[in-house]
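Next come the chains, spelled out residue by residue.
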Amino acid sequence: MSSATGTSAELWLIRHGESVGNRDRIYQGQNDLPLSPLGHEQAALLAQRLAPIHTLSPFCALYASDLQRAMETARPTAQAIGLPILPQPALREIDVGAWSGLTFADIQRRFPDEWAAAYPVMDPDQVRGGGESYRQAQSRTVAAVRAIAARHPGGRVLIFFHGGVLQTVLSHLMGLSLPNKRFLQTSNTSISRVRIADGN
């Protein structure tokens with residue numbers, strides 16, 4: 001993270017609204033679940049919040065993970081401020097393989113050793129369910145966020161994606177070790193504002 005300069009990009013990193021997976025305590029990963037009714041309400045309120053900000057100081061682009069819970073969250077804002085959604089598969093949530101779509105209780109029962117390595121202290125190199133590790137997910141999403149910043153020097157950009165990978169990006173920018181990502185609070189439709197300059 002850098003201080004504001006003429007070439008730094010200001011990124012507004014936004015977690016999607018409540019999904020049916022969040023509501024039902026399902027480990028989603030890249031399972032493409034939609035928003036819950038509450039999630040749609042959150043997305044609408046977010047658009048109401050961002051529209052007047054855009055009027056005063058316009059956003060130049062709007063990116064989103066291509067999973068529907070992120071796209072559905074971004075859509076009201078895109079309509080309110082008149083920007084197209086630019087889908088980015090690299091912003092998807094961590095791939096948890098065979099864990100995807102299972103409840104937390106099911107994972108603990110079916111994959112006890114993997115669960116023990118994930119909680120309460122996370123092994124950042126553990127591959128969940130045959131998918132990817134948090135270190136791999138961090139590398140993927142940090143690269144995607146930096147590429148977006150490089151395309152918009154001096155601009156203000158909205159990025160809609162997912163809680164797990166959002167925490168890995170923030171951990172990287174803040175210089176935190178990956179296991180400490182669990183202490184970062186990224187609630188549904190929360191906004192984290194960062195500035196990124198070339199080489200930072």
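See the structure shown above.
Note that residues are indexed from 1 along each chain, following the sequence as it is written. For a predicted model such as this one, the threshold for reporting local features is a pLDDT of at least 70, and the threshold for listing and counting side-chain atom pairs is 80 or more; totals across whole chains, interfaces and linings nevertheless cover every residue. Water and hydrogen atoms play no part in the side-chain values, which are based on all heavy atoms of the structure.

Chemist: What is the right way to read the overall build of the protein chain from this model?
Modeler: A count of helices and strands for the protein chain gives seven helices and seven strands. Listed by position from the N terminus, the elements making up the protein chain come as β-α-β-α-β-α-β-β-α-α-α-β-α-β. C-alpha atoms define the radius of gyration, and 2.2 Å times the number of residues to the power 0.38 defines the globule rule. On C-alpha atoms alone, the protein chain measures out to a radius of gyration of 17 Å, which is about the 16 Å that the 2.2 N^0.38 rule sets for 200 residues. If one aligns the C-alpha atoms of the protein chain with their principal axes, the spans along those axes are about 50 × 40 × 25 Å. For helices the rule is a DSSP run of H or I covering at least 4 residues; for strands it is a run of E covering at least 2, with both sets numbered from the N terminus onward.

Chemist: What is the right way to look at the nonpolar core in this model?
Modeler: Side chains of a nonpolar character, in soluble globular proteins, are inclined to be buried together. What is meant by a nonpolar core is a set of buried Ala, Val, Leu, Ile, Met, Phe, Trp, Tyr and Cys residues, joined one to another through side-chain atoms within 4.5 Å. Partly exposed residues are those whose accessible area sits between 20% and 50% of the maximum for their type, while under 20% is buried and over 50% is exposed, using a 1.4 Å probe and protein chains only. Core analysis: the biggest nonpolar cluster contains 35 residues, and L11, L13, L91, W99, I159 and F161 have the highest contact counts within it. When residues of this core are traced back to their parent elements, those giving at least two are β1 (9–15), β3 (61–64), α5 (112–118), α6 (134–151), β6 (156–161), α7 (163–174) and β7 (191–196). Here a residue-residue contact requires only that any non-hydrogen atoms of the pair lie within 4.5 Å. Ignoring anything within four residues of it in the chain, the contact list for W99 reads Y27, I107, F111, E114, W115, A118, Q126, R128 and G129. Within the second largest apolar cluster, 15 residues are counted, among which are L50, L62, M71 and L83.

Chemist: Just checking my understanding: could you explain the environment of Q185 for this structure?
Modeler: Tracing the backbone shows Q185 in the loop between α7 and β7. With a relative accessible area of 68%, Q185 lands in the exposed category. Put simply, Q185 and Q167 are 18 residues apart on the chain and 8.1 Å apart in space, counted from C-alpha to C-alpha.

Chemist: Is there a simple way to think about α7 in this case?
Modeler: A turn of α-helix holds 3.6 residues, and therefore any two residues three or four places apart point the same way. Compared with an ideal rise of 1.5 Å per residue, which puts twelve residues at 16 Å, α7 spans 16 Å between its outermost C-alpha atoms and is within 8% of the ideal. Where burial is concerned, most of α7 is hidden: ten out of the twelve residues are buried. Those residues of α7 not exposed but buried are G163, G164, V165, L166, Q167, T168, V169, L170, S171 and L173. Directly after α7, the chain includes G175, whose backbone phi takes a positive value near 75°. For a helix, the expected span equals 1.5 Å multiplied by the number of residues minus one.

Chemist: Just to check I follow, could you spell out the layout of surface pockets for this structure?
Modeler: To locate leftover empty space, one rolls a probe as large as a water molecule over the atoms. The distinction between a cavity and a pocket rests on a 1 Å grid over the protein atoms alone: a 1.4 Å probe fits inside a cavity but cannot get out, while a pocket stays open yet meets protein on both sides within 12 Å along at least five of seven lines, and a residue with an atom within 4 Å of a point counts as lining. Grid points are joined across faces, edges and corners, and a volume is the space filled by probe spheres set on the points. Quantified by volume, the largest pocket comes out at close to 770 Å³. What lines the largest pocket is a set of 30 residues, among which R15, Y27, F104, Y119 and Y134 lie closest to the centre. Among the elements of the structure, α1 (20–23), β2 (26–27), α5 and α7 are those that each provide at least two residues to the lining of the largest pocket. A total of three residues in the lining of the largest pocket trace back to one element, the largest contributor, which is α7. Along the lines of polarity and charge, the residues of the lining of the largest pocket split into eleven nonpolar, twelve polar and seven charged. Under this grouping Gly is polar, as are all residues other than the nonpolar Ala, Val, Leu, Ile, Met, Phe, Trp, Tyr, Cys and Pro and the charged Asp, Glu, Lys and Arg.

Chemist: What's the story with the packing of helix α2 (residues 37–56) against helix α3 (residues 68–81) in this structure? I'm lost.
Modeler: Each pair of packed helices gets described by two things: the angle between the helix axes and the distance between those axes. Interhelical geometry of α2 versus α3 gives an angle of 30° and a closest axis separation of 8 Å. Seen along the crossing, α2 lies across α3 with a hand that is right-handed. Counted together, H40, A43, A44, L46, A47, L50, A51 and H54 of α2 and E72, T73, P76, T77, A80 and I81 of α3 form the full contact between these two elements. The residue inventory of the contact of α2 with α3, partitioned by class, reads nine nonpolar, four polar and one charged. A fitted line through C-alpha atoms serves as each axis, taken over the contacting stretch for helices, and the angle formed by two N-to-C directions is quoted from 0 to 180°. In this scheme, a crossing is called left-handed if the near helix is turned counterclockwise away from the far one by less than a right angle; it is called right-handed if the turn is clockwise.

Chemist: Whenever I open this one, the sheet that holds β6 confuses me. Can you help?
Modeler: Strand pairing within a sheet occurs via backbone hydrogen bonds; the two strands may be parallel or antiparallel. Any two strands with at least two DSSP-identified bridges between them are counted as paired. Spatially, five strands are ordered β4-β3-β6-β1-β7 in an open sheet, and the strand pairing comes out mixed. At either margin of the open sheet sits one strand with a lone partner, and together these are β4 (85–87) and β7. On average, each strand axis in the sheet is tilted by 25° relative to the strand beside it, whichever way the strands run. Looking at chain direction, β3 and β6 are connected through four bridges and run parallel. By the bridge assignment, L62 is partnered in β6 with L158.

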